[in-house]
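# Descriptive structure summary
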Amino acid sequence: MPKTKGKRTQKRANRPRKASSLRNPAELLDQAKVHLDAFELDQALQCVTRLLRLDANCIEGLELKGEIQLQYGLEEESKKLFQRAVELQPDEGFTKYMYLGQLSQGLVAMGYFQKGVDIMVKEHERLLETDCATAAATATPSSTSAAELKRHLSTGYCSLAELFLADLCMEELAEQKCGSFIEEAIKWDETNSEAHQLKASYLISLNKEEEARESITRSLEIWWPRFQENQDDCDLSYDTRISAARILIELKEYQRTVDVLDSLLEEDDQVVQRAILSAESERADGEDPTLSKVS
């Protein structure tokens, strides 16, 4: 499920074929995915555009073209495609709703996210029933899909909580709703480091610094060792890790701040943003000597 404008990283073994050589929607859809996985946006767009000429109501084609347009930065075009997919199939498929939530604001965004989450909950229940039936027949239940859906659900609840920390912070019971969504996110997937980081931000807003420190510590325990071992194995975006550094500054966790900032510099030399964070940390710490490492 999308959280940010995502990039596909897994390349398929299939060798892409030209859109003009393909004759049916299934082939075009498969090849569009191959091209997208290989970051070949132009070719992917050609395939999916040809597909939608043959079948204008292909849900997966509409969603795939919406994703491609979003990677081009064409948000309005992308939004129209996802909205068309909703019109055609309103009660199945959560992905289009999560994208629409990202492309919307306020109560409209909340409605999209909530619908996506509701669909995921029903899908999870169906998967559990299927797994139980499989287990009874084979004694080897398949829980992979259910586990993946739990992560998507956790991320969906994070999206809802973030709305009540920002756009909807003045809504009635915003604080309680935000806290409730965060707890749901953690309940669905306790290993979702982003959920624990979001909880830290929420607790800081309530001036509960010690509890916030526990939450950001838990988040770091999940992703930091894995990141040190293999940076490509980290599922947190650069911006999310920037947010982690800001939280650590607010909690006066200066050595951890330095560690996170150093890792960001190694990955992407955004000097200005990093310098601002370092300056904020220096001011807060009164020239803490550990910050000399990032000066």
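All of these numbers come straight from a predicted model, not from anything done at the bench.

Assigned secondary structure in the protein consists of 13 helices and 0 strands. A total of 295 residues make up the protein; the buried ones form 44% of that total. Carbon together with sulfur atoms contributes 47% to the accessible area of the protein, which is approximately 15,800 Å² in total.

Let's shift gears to the nonpolar core. In terms of nonpolar packing, the biggest core is built from 56 residues, with M120, Y157, I182, I216, L220, W223 and V260 touching the most fellow members. Here the element with the most residues in this core is helix α7 (residues 144-165); it accounts for 9 residues. Grouped together as the second largest cluster of nonpolar side chains are 17 residues, I59, L62, L64 and I68 included.

Right, let's get into the packing of aromatic side chains. This model, assessed by the stated rule, comprises 7 aromatic pairs. Plain terms: the ring middles of W223 and W224 are 5.5 Å apart, the flat faces sit at 85° to each other, and that makes the pair edge-to-face. Relative to F227, the ring of W223 lies with its centre 5.8 Å away and its plane at 75°, an arrangement referred to as edge-to-face. Note that W223 and F227 are positioned in helix α10 (residues 209-229) at a spacing of 4 residues, about one turn of the helix.

Here we come to the side chain of R241. Of note, R241 is situated in helix α11 (residues 238-250). Not counting chain neighbours up to four residues away, the residues in contact with R241 comprise W223, F227, C234, L236, V260, L264 and E267.

Looking now at the confidence of the model for the protein. Residue-level pLDDT values for the protein average 85, and 78% of them are 70 or greater. Ignoring residues within four places in sequence, the model shows residues 135-144, a span with pLDDT below 50, making 7 contacts including any to other chains. Note on residues 289-295: pLDDT under 50 across the span, and 15 contacts to partners over four residues away in sequence or across chains.

Close contact between α10 and helix α12 (residues 254-267) brings their axes to 13 Å; oriented N to C, the two are set at 40°. Taken together, the axis directions place α10 and α12 in an arrangement best described as oblique. α10 and α12 meet at a crossing whose hand is left-handed. Across the interface between the two elements, T217, L220, W223, W224 and F227 of α10 pack against R256, D259, V260, S263 and E267 of α12. Taken together, the residues that form the contact of α10 with α12 break down as 5 nonpolar, 2 polar and 3 charged.

We now examine unusual backbone geometry. In this structure, F39 is a non-glycine residue whose phi angle is positive, near 65°. With phi around 60°, K252 is a residue other than glycine that occupies positive phi space. Mapped onto the elements of the fold, K252 is located in the loop between α11 and α12.

So, about α11. With 13 residues, α11 extends 19 Å from end C-alpha to end C-alpha; this agrees with the ideal 18 Å at 1.5 Å per step. Taken together, the buried positions of α11 are Y238, T240, R241, I242, A244, A245, I247, L248 and I249. Looking one or two places after α11, you find K252, whose phi comes out positive at around 60°.

A complete count under the given rule lists 11 salt bridges for this structure. Residue E123 is joined to R126 by a salt bridge in which the shortest nitrogen-to-oxygen separation is 2.6 Å. Note that E123 and R126 are positioned in helix α6 (residues 106-138) at a spacing of 3 residues, about one turn of the helix. Of the residues examined, E123 reaches a relative accessible area of 27% and is grouped as partly exposed. As a salt-bridge pair, E253 and R213 come within 2.7 Å of each other at their nearest N and O atoms. Taken together, the residues span a long stretch of sequence, with E253 in the loop between α11 and α12 and R213 in helix α10 at a distance of 40 residues. Given the relative accessible area of 19%, E253 is considered buried. Here R213 falls in the buried class, since its relative accessible area comes to 17%. Each of E210, R213 and E253 takes part in one network of salt bridges that share partners.

Cut-offs used in this document
- Residues numbered from 1 in each chain as written.
- Predicted model: local features only at pLDDT ≥ 70, side-chain atom pairs only at ≥ 80, totals over all residues.
- Heavy atoms only, no water.
- Helix = DSSP H or I, 4+ residues; strand = E, 2+ residues; numbered from the N terminus.
- Buried < 20%, exposed > 50% of the residue type's maximum accessible area, 1.4 Å probe, protein only.
- Areas by Shrake-Rupley, 256 points an atom, 1.4 Å probe, with all protein chains shown as cover.
- Core = buried A, V, L, I, M, F, W, Y, C linked by side-chain atoms within 4.5 Å.
- Phe/Tyr/Trp six-rings, centres within 6.5 Å; stacked < 30°, edge-to-face > 60°.
- Contact = heavy atoms within 4.5 Å.
- pLDDT = per-residue confidence, 0-100.
- Axes fitted to C-alpha atoms, helices over the stretch in contact; angles between N-to-C directions.
- Parallel < 35°, antiparallel > 145°, perpendicular 65-115°, else oblique.
- Left-handed = near helix turned anticlockwise from the far one by under 90°.
- Nonpolar A, V, L, I, M, F, W, Y, C, P; charged D, E, K, R; others polar.
- Expected span 1.5 Å × (residues − 1).
- Salt bridge = Lys/Arg side-chain N within 4 Å of Asp/Glu carboxyl O.

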